[in-house]
Amino acid sequence: MLGTCLENVRKTVPLVHNITNYVTVNDVANVLLACGASPIMSDEPKDVEDITAICGGLNINIGTLNQRTIEGMYAAGRKANELCHPVLLDPVGAGASALRTDTAVRLMEELKLTAIRGNISEIKTLALGSGTTKGVDADVADAVTEENLDGTVAFAKEFAKKSGCIAAITGAIDLVSDGETCYVIRNGRSEMGKITGTGCQLSGMMTAFVTANPGNVLEAAAAAVCAMGLAGEIGWSRMTEGDGNSTYRNRIIDAVYNMDGEILDKGAKYEVR
Amino acid sequence: MLGTCLENVRKTVPLVHNITNYVTVNDVANVLLACGASPIMSDEPKDVEDITAICGGLNINIGTLNQRTIEGMYAAGRKANELCHPVLLDPVGAGASALRTDTAVRLMEELKLTAIRGNISEIKTLALGSGTTKGVDADVADAVTEENLDGTVAFAKEFAKKSGCIAAITGAIDLVSDGETCYVIRNGRSEMGKITGTGCQLSGMMTAFVTANPGNVLEAAAAAVCAMGLAGEIGWSRMTEGDGNSTYRNRIIDAVYNMDGEILDKGAKYEVR
Amino acid sequence: MLGTCLENVRKTVPLVHNITNYVTVNDVANVLLACGASPIMSDEPKDVEDITAICGGLNINIGTLNQRTIEGMYAAGRKANELCHPVLLDPVGAGASALRTDTAVRLMEELKLTAIRGNISEIKTLALGSGTTKGVDADVADAVTEENLDGTVAFAKEFAKKSGCIAAITGAIDLVSDGETCYVIRNGRSEMGKITGTGCQLSGMMTAFVTANPGNVLEAAAAAVCAMGLAGEIGWSRMTEGDGNSTYRNRIIDAVYNMDGEILDKGAKYEVR
């Protein structure tokens, strides 16, 4: 089933509008191309409405936000809502600064979001108005583990229900919920955390997946998470002596490029709760 | 002959000022270094005149334009014109938004351009004031094919003549014309479209080539197109099982790095019409 | 000893706030992760104070400065000073434009810097108010060579003493001085100059090293320089036929990822004057 979600991306080639940080933007563009979608980047308020209008979905990532691009996020988001395009929010660093927390919270309030993807610290910040985010990586105190899994699944469901969209909480264990059901996903490798932007890349891919699977957004979001994690596993299996995080980055995107529905269905490791 | 154009870049190490999008800027810098040129990036209006003054050529790419950088494009372009430096325009996404179309058209009107490089949709937008651009990739309806080649060559010549500069229309078949003559180039591979920024990289390289070959800009522009396409062929020949678009990106820049005039002359596939 | 400085980065995982150019920002983030640190990027004046407050060190790189980010540099720098965090300045292109020279000089005047890292042209510009910078690469006339080494070591010491911080002048031979002592470092390869951003990467790493070794900043800065140069040597040794600057970029970051204190201590080539 998840494999079909990937195949639908390859078949329909969704054009995804990204307002994303300049740190990882190149990798986001390449992973979108790798999974079969087509990326376009635009963050200027006077440009974003036209651009989002010709796209199928919108990916908003607040990673290196500034006052001009925040304005672009609202303008693009409202236009995408008007056109009933799926909109994803990646609240990078929510909890790390007032501007980031406020921007993410207000985007949630003012826009109809299809999905929110972040680490547990960021999502807790959005849920509770406070968090223990330290920088842009999840705090250890907030990690999703087998020990706290039941509680975190309940939290994911509640957050999804309250925010009225798919909640994707990614980390060592990934959770994807629509408020009723929760995918618990165990793909991926810890070494992915040593590459900048695997989260940003996943947000781009997830936007493509939900855009290409409009009737089935929960499964599509889960498929994107499994695909990214599986690519991390496949990419790691191709590493040789002396390779490090820079080569690993390439290998992961390469693995997405070579993935088809069958590979994804065979490699996806998840349970539904 | 084309090989000599590349050798001239390696001999003279032109310093190229780039006002370019933040998606592919790193690859543009590395491909400029790979072909023997030296890149500098600056888009702040208060910085660009000084920077362009110490450079040999200017590459303007509107890929992630904003109001500040548009002002920088005009300021840099006017200064470059004053100093008789070659100026290249890459109208990324012309036709996809009013801001992009208007900016590209106005830059053409207000600056003396040496070359314009875009896909057929973007160039048609500039020529006709309307197009069928969908995003930043050429629309299928606009593709240059063997079937419509005669008409497209005529269009390229006419566009070059009217705009008073080299027109480089790139796609499956590439056309480079000065209004009288048209190079029809068949280097490259379709898989290059699965990497973000091969067009942006080519625009950077073309600026270096025309800067290093001031008396011979048509041939220099054609040489840059052949070099990029040939690098795509050489890079592809080094791909192994499991490699994808991310590795391909590296292999293409690597191939430019290892290319010399002889390799280019042997590998260039073109006819002159 | 130098190896201990690297081990301290891996042990303490310093969070480094980077205000850096969009050309090489992704590589800066990945090299920080490779050496064991954690990167965060933020340049919006309304965001930088919160961000720098949760970090351990601040890396200011003026590579693609604009008026908004310059404001961010001051705001972050003042906050970091208030919190006694180490602050590094990379004056990219000082001497190439009035805005860059003025910004770098004023940052030196208004902030308490821990270290300045640049090429000899940039540092001479800061010292003398004029230079021979052409673009962002050191001018040949300014190169540090065995012939002018004594004079340049004296210059490095004097510059460090006057500016009250570590001076790191990098090129074919690297000099790192605190005003009294000068490390003369001969790691690295000339081919590193064919990759964009090895200097920016080093500035990021050096910030991590001085942050993780607060009582020992001179040695920490020298260790970062040796580590980067040694990574360039190790990375080069893994290059194969047909590889070029793009693959070399990956191999260097990979080499940092796989480096430990012992490797650094064995591979570091330096004398102390």
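Thresholds, definitions, all that
Residues numbered from 1 in each chain as written. Chains lettered and ligands numbered in written order. Predicted model: local features only at pLDDT ≥ 70, side-chain atom pairs only at ≥ 80, totals over all residues. Heavy atoms only, no water. Least-squares fit on C-alpha atoms with pLDDT ≥ 70 in both. Contact = heavy atoms within 4.5 Å. Buried < 20%, exposed > 50% of the residue type's maximum accessible area, 1.4 Å probe, protein only. Helix = DSSP H or I, 4+ residues; strand = E, 2+ residues; numbered from the N terminus. Polar contact = N/O pair within 3.5 Å; in protein donor to acceptor, adjacent residues only side chain to side chain. Pairing = 2+ DSSP bridges. Axes fitted to C-alpha atoms, helices over the stretch in contact; angles between N-to-C directions. pLDDT = per-residue confidence, 0-100. Salt bridge = Lys/Arg side-chain N within 4 Å of Asp/Glu carboxyl O. Buried area = accessible area lost by both parts, 1.4 Å probe. Nonpolar A, V, L, I, M, F, W, Y, C, P; charged D, E, K, R; others polar. Parallel < 35°, antiparallel > 145°, perpendicular 65-115°, else oblique. Right-handed = clockwise from strand over helix to strand, strands pointing away. Core = buried A, V, L, I, M, F, W, Y, C linked by side-chain atoms within 4.5 Å. 1 Å grid on protein atoms, 1.4 Å probe; cavity = no way out; pocket = protein on both sides within 12 Å on 5 of 7 lines; lining within 4 Å. Points joined across faces, edges and corners; volume = space filled by probe spheres on them.

1. Focus on the relation of the copies chain B and chain C
If you rotate chain B by 120° and push it 0.0 Å along the axis, it lands on chain C with an RMSD of 0.0 Å. Such values leave the two copies arranged in the relation of a three-fold axis. Among all C-alpha atoms of chain B, that of Tyr22 of chain B lies closest to the rotation axis, at 3.6 Å. In this assembly the copies use different faces: only 12% of the residues contributing to the interface of chain B also contribute to that of chain C.

2. Here's the deal with helix H6 (residues 120-128) of chain B
All names here are of chain B. Every buried residue of H6 is accounted for by Ile120, Ser121, Glu122, Ile123, Thr125 and Leu126. On its buried side, H6 packs onto helix H5 (98-110), strand E5 (115-118), helix H7 (149-163) and strand E6 (166-169). The N-capping residue of H6, defined by a side-chain oxygen 3.1 Å from the backbone nitrogen of Ser121, is Asn119.

3. Describing the relation of the copies chain B and chain A
What connects the two chain copies is a rotation about an axis and a shift along it. Take chain B, turn it by 120°, move it 0.0 Å along the axis, and it overlays chain A with an RMSD of 0.0 Å. A share of only 12% of interface residues in chain B that are also interface residues in chain A marks the association as one of differing surfaces.

4. Some words on the sheet that holds strand E8 (residues 182-185) of chain C
Residue and element names in this part refer to chain C. The strand order across the open sheet formed by 9 strands is E2-E1-E3-E4-E5-E6-E7-E8-E9, and the pairing between neighbours is mixed. Each having just a single partner strand, strand E2 (38-41) and strand E9 (270-272) make up the two edges of the open sheet. Along the sheet, successive strands turn relative to each other by an average axial angle of 15°, direction set aside. As judged from the 4 bridges shared by strand E7 (residues 174-177) and E8, these two strands associate in the antiparallel manner. Bridge pairing links Asp174 to Ile185 in E8.

5. Things to note about the confidence of the model for chain A
Across chain A, pLDDT averages 95, with 95% of residues at or above 70. Scoring the predicted complex yields pTM 0.96 and, for the interface, ipTM 0.95.

6. Description of the pattern of salt bridges
Counted according to the given criterion, the structure contains 57 salt bridges over all chains. We note a salt bridge from Lys161 of chain A to Glu180 of chain A, for which the minimum N-O separation is 3.9 Å. In this pair, Lys161 of chain A is assigned in helix H7 (residues 149-163) and Glu180 of chain A in the loop between strand E7 (174-177) and strand E8 (182-185), connecting sequence segments 19 residues apart. Note on accessibility: Lys161 of chain A and Glu180 of chain A belong to one class, exposed. One salt bridge connects Arg273 of chain C with Asp150 of chain C, and the closest N-O pair in it is separated by 2.8 Å. Here Arg273 of chain C, found in the segment after E9, pairs with Asp150 of chain C, found in helix H7 (residues 149-163); they are 123 residues apart in sequence, far enough to count as distant.

7. Points about the environment of Cys200 of chain B
All names here are of chain B. Among the structural elements, Cys200 can be located in helix H8 (residues 198-212). For the pair Cys200 and Asn61, spaced 139 residues apart in the sequence, the C-alpha separation amounts to 7.4 Å. Ignoring any residue separated from it by four or fewer positions in sequence, one finds Cys200 in contact with Asn21, Thr24, Val28, Asn61, Asp90 and Arg117.

8. Let's talk about the interface of chain B and chain C
Counting from both sides, the interface comprises 33 residues of chain B and, opposite them, 33 residues of chain C. The contact between chain B and chain C buries some 2700 Å² in all, and 47% of this surface belongs to carbon and sulfur atoms. Among the residues chain B hides against chain C, the three largest losses belong to Asn26, Leu33 and Tyr257 of chain B. Together they make up 19% of the total. Remark: the boundary between chain B and chain C carries 3 salt bridges. When the shortest N-O distance is used, the salt bridge between Asp47 of chain B and Arg100 of chain C registers 2.9 Å. Inspection of the chain B/chain C interface yields 21 residue pairs in polar contact (both at pLDDT 80 or more). Going through the elements one at a time, helix H2 (25-34), strand E2 (38-41), helix H3 (45-54) and helix H10 (245-257) of chain B are the ones with two or more residues in the side of chain B that touches chain C. For the side of chain B that touches chain C, the leading source of residues is H2 of chain B, giving 7 residues. Its residues assigned to classes, the side of chain B that touches chain C comprises 14 nonpolar, 8 polar and 11 charged.

9. Topic: the packing of helix H1 (residues 2-12) of chain B against H8 of chain B
A packed helix pair is summarised by two numbers, namely the angle formed by the two axes and the spacing between the axes. Residue and element names in this part refer to chain B. Between H1 and H8, the shortest axis-to-axis distance is 8 Å and the interhelical angle comes to 85°. One finds that H1 runs roughly perpendicular with respect to H8. Contacts from Cys5, Leu6, Asn8, Val9 and Thr12 of H1 reach H8 at Ala208, Phe209 and Ala212. Residues of the contact of H1 with H8, tallied by class, amount to 6 nonpolar, 2 polar and no charged.

10. Examining the pairing of strand E1 (residues 15-19) of chain A
Successive side chains on a regular strand alternate, one facing one side of the sheet and the next facing the other. Residue and element names in this part refer to chain A. Across the 5 residues that make up E1, a large majority, 5, are buried. What you see with E1 is no split at all: Leu15, His17 and Ile19 on one side and Val16 and Asn18 on the other are buried throughout. Of the strand pairs in this sheet, E1 and strand E2 (residues 38-41) are connected by 4 bridges, and their pairing is parallel. Each residue of the ladder has a partner; that of Leu15, found in E2, is Ser38. Handedness of the E1-helix H2 (residues 25-34)-E2 crossover: right-handed. Both E1 and strand E3 (residues 57-61) contribute to a ladder of 4 bridges, which runs parallel. Following the sheet pairing, Asn18 is matched in E3 by Asn59.

11. Topic: the nonpolar core
Soluble globular proteins tend to bury their nonpolar side chains together. Counting 163 residues, the largest nonpolar core has Phe209 of chain A, Phe209 of chain B together with Phe209 of chain C as its most contacted members. Beyond its immediate stretch of four places on either side in the chain, Phe209 of chain A contacts Cys5, Leu6, Val9, Cys35, Ala220, Ala223, Ala224 and Ala227 of chain A.

12. Regarding empty space enclosed by the protein
Remark: the empty space left among the atoms is shown by a probe the size of a water molecule rolled over them. Tallied over the full model, the rule gives 1 cavity of 30 Å³ or more. Here the largest cavity defines a volume of roughly 130 Å³. Lining the largest cavity are 18 residues, and of these Asn26 of chain A, Val23 and Asn26 of chain B together with Val23 and Asn26 of chain C lie nearest its centre. Of all the secondary structure elements, the ones that give two or more residues to the lining of the largest cavity are H2 of chain A, H2 of chain B together with helix H2 (25-34) of chain C.

13. Digging into the pairing of E6 of chain B
Residues and elements named next belong to chain B. The alternating pattern of E6 places Ile166 and Ala168 and Ala167 and Ile169 on opposite faces, both of which are buried. With 3 bridges joining them, E6 and strand E7 (residues 174-177) adopt antiparallel strand pairing. Counterpart to Ile169 in the pairing with E7 is Leu175. The turn linking E6 back onto E7 is made up of 4 residues.

14. Structural notes on the environment of Asn119 of chain A
Residue and element names in this part refer to chain A. Assignment of secondary structure puts Asn119 in the loop between strand E5 (115-118) and helix H6 (120-128). Given the relative accessible area of 11%, Asn119 is considered buried. The spacing of Asn119 and Ala167 is 48 residues in sequence and 10 Å in space, taken between C-alpha atoms. Within the structure, Asn119 has its side chain in polar contact with the backbone nitrogen of Ser121 (distance 3.1 Å). At 2.9 Å, the side chain of Asn119 forms a polar contact with the backbone nitrogen of Glu122.

15. A few points about the sheet that holds E1 of chain A
Strand pairing in a sheet relies on backbone hydrogen bonds, with the paired strands running either antiparallel or parallel. Residues and elements named next belong to chain A. Pairing within the open sheet is mixed, and its 9 strands lie in the order E2-E1-E3-E4-E5-E6-E7-E8-E9. The sheet is open, and its two edges are formed by E2 and strand E9 (270-272), each paired on a single side. Strand-to-strand twist of the sheet, defined as the mean angle between neighbouring strand axes without regard to direction, takes the value 15°. In the packing of H6 onto the sheet, the strands contacted are E5 and strand E6 (166-169), and the crossing angle to E5 comes to about 130°.

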